[in-house]
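Descriptive analysis of the structure
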Amino acid sequence: MESVLSKYENQITIFADYLEEFPDTDELVWILGKQHLLKTEKSKLLSDISARLWFTYRRKFSPIGGTGPSSDAGWGCMLRCGQMMLAQALICRHLGRDWNWERQKEQPKEYQRILQCFLDRKDCCYSIHQMAQMGVGEGKSIGEWFGPNTVAQVLKKLALFDEWNSLAVYVSMDNTVVIEDIKKMCHTLPLSAETAAESPPESLNASTQSKGPSACSPAWKPLLLIVPLRLGINQINPVYVDAFKECFKMPQSLGALGGKPNNAYYFIGFLGDELIFLDPHTTQTFVDTEENGTVDDQTFHCLQPPQRMNILNLDPSVALEILKENLRMFELVQKHPSHWPPFVPPAKPEVTTTGAEFIDSTEQLEDFDLEEDFEILSI
């Protein structure tokens with residue numbers, strides 16, 4: 001009994017206490033594009049928050065690189081936040097934003113497969129092992145703290161090895177999102193002239209939930225758009241507060257990575273001027289797949305009271321995973337800037353490794369009217 005209590009020590013909470021953490025107010029709470037009326041929908045709100053996959057520090061996994069650390073406590077918080085953000089993208093991709101998690105309830109097989117992408121093993125495509133080792137190519141030693149932009153670059157590279165989800169990860173540069181470059185990344189041409197007149201490749205059909213493209217149309221890879229931003233010098237500039245909060249209202253929003261220096265959080269919503277976030281700074285024991293091939297997921301969902309932070313206490317360096325009307329925090333352009341180097345869609349790097357906004361069709365990208373939906377301002 002004692003070992004069972006120890007295993008779930010971070011998960012034991014009284015639901016009534018959980019509810020008391022939020023003030024008694026008529027304000028709306030926004031969580032990743034969904035709104036909740038706090039006074040009448042507390043249970044629904046808390047269920048929505050606990051359904052997000054929660055990745056924290058772990059200990060007792062196999063040493064990274066064979067001889068490296070066997071725990072990421074103290075240095076892996078931003079990597080864990082990146083995992084949470086990407087996991088939310090995969091849930092939206094395979095299960096939909098309205099999917100909800102319930103304790104002790106059998107979940108869809110896609111959920112288990114998503115969870116296994118992030119286990120702390122070198123053969124899992126988005127594991128702490130893969131992220132830390134891919135970070136070496138970004139100038140980060142194994143065991144060194146990552147910033148949000150480094151995590152974004154690492155996820156972009158690892159996604160190239162992930163054939164099941166087949167994501168196109170676009171990380172903006174110089175506060176600029178280029179529609180032309182996104183289309184180049186997301187359009188996947190048929191394998192050959194012969195297959196062009198037939199259906200798209202089987203692997204693409206297997207990884208999409210919507211009806212496949214027409215025979216003559218290129219396939220579309222779902223887009224994960226990450227926008228690294230600096231919204232101030234030493235602290236966030238108050239002029240960005242309203243625009244930043246608006247990000248969490250987009251139905252395609254995947255939140256934001258940020259926090260304080262060397263102290264990362266995954267921001268999923270807001271109440272008033274307080275950001276709601278998932279905190280990775282809890283050290284839990286490594287969990288592996290069981291004999292039946294499933295994962296005991298009880299420690300991968302946060303049942304503790306959700307934490308909040310005044311938005312002005314946020315470090316100005318953040319990575320957003322959204323697109324939103326009239327944002328003044330970055331520039332959106334149709335064509336690739338002429339003074340930039342030519343855009344080349346990313347290819348698998350030569351390494352021995354495996355494995356915003358979320359847009360899953362070309363129609364959704366075409367819906368973004370530059371004149372109507374966006375105010376083009378260079379910061």
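All values reported here derive from a predicted model rather than from experimental measurement.

1. Digging into the overall build of the chain
For the chain, the helix and strand inventory stands at 13 helices and 16 strands. Out of the 379 residues belonging to the chain, those deemed buried represent 51%.

2. Describing the pairing of strand β11 (residues 274-278)
On any regular strand, side chains alternate: one points to one face of the sheet, the next to the other face. In terms of burial, β11 is a largely internal element, four of the five residues being buried. Of the strand pairs in this sheet, strand β10 (residues 263-271) and β11 are connected by five bridges, and their pairing is antiparallel. Paired with Tyr-266 across the bridge in β11 is Leu-278. Counting the residues between successive antiparallel strands, the hairpin from β10 to β11 contains two residues, one of them, Gly-272, with a positive phi of roughly 60 degrees. When β11 meets strand β13 (residues 307-310), the two strands line up antiparallel, connected through four bridges. Residue pairing in the sheet places Phe-277 in a bridge with Gln-307 of β13.

3. A closer look at the confidence of the model for the chain
With 77% of its residues at a pLDDT of 70 or more, the chain has an overall mean of 79. Within the model, pLDDT remains below 50 along residues 191-216, and this stretch shows 26 contacts once partners closer than five positions in the same chain are excluded. Note that pLDDT drops below 50 for residues 352-359; the model gives that stretch 49 contacts with residues more than four away or on any other chain.

4. A short note on the packing of aromatic side chains
Considering all chains together, one arrives at nine aromatic pairs under this definition. Both rings, one in Phe-55 and one in Phe-300, keep their centres 5.9 Å apart while their planes meet at 70 degrees; by these two values the pair is edge-to-face. With Phe-55 in the loop between α3 (42-50) and β3 (58-59) and Phe-300 in the loop between β12 (284-285) and β13, the pair connects residues that are 245 residues apart, well separated along the chain. Phe-300 sits in the buried class, given a relative accessible area of 4%. Pairing Tyr-265 with Phe-267 gives two aromatic rings, centres 6.2 Å apart and planes at 80 degrees, and the pair type is edge-to-face. By relative accessible area, which is 10% here, Tyr-265 ends up buried. An aromatic cluster is present here, built from Phe-55, Phe-118, Tyr-126 and Phe-300 joined pairwise through their rings. Positioned above the aromatic ring of Phe-300 is the side chain of Arg-58, whose terminal nitrogen or guanidinium carbon lies 4.4 Å from the ring centre.

5. Overview of the side chain of Asp-315
Examined against the element boundaries, Asp-315 turns out to sit in the loop between β13 and β14 (317-320). For the buried Asp-315, no salt bridge is present, and the opposite-charge side chain at shortest range is Arg-230, 4.4 Å distant. At a separation of 3.0 Å, a polar atom in the side chain of Asp-315 contacts the main-chain amide nitrogen of Ser-317. For Asp-315, the contacting residues outside a window of four places in its chain are Arg-230, Gly-259, Lys-260 and Pro-261.

Calculation rules
- Residues numbered from 1 in each chain as written.
- Predicted model: local features only at pLDDT ≥ 70, side-chain atom pairs only at ≥ 80, totals over all residues.
- Heavy atoms only, no water.
- Helix = DSSP H or I, 4+ residues; strand = E, 2+ residues; numbered from the N terminus.
- Buried < 20%, exposed > 50% of the residue type's maximum accessible area, 1.4 Å probe, protein only.
- Pairing = 2+ DSSP bridges.
- pLDDT = per-residue confidence, 0-100.
- Contact = heavy atoms within 4.5 Å.
- Phe/Tyr/Trp six-rings, centres within 6.5 Å; stacked < 30°, edge-to-face > 60°.
- Lys NZ or Arg CZ within 6 Å of the ring centre and 35° of its normal.
- Lys, Arg positive; Asp, Glu negative; His and termini not counted.
- Salt bridge = Lys/Arg side-chain N within 4 Å of Asp/Glu carboxyl O.
- Polar contact = N/O pair within 3.5 Å; in protein donor to acceptor, adjacent residues only side chain to side chain.

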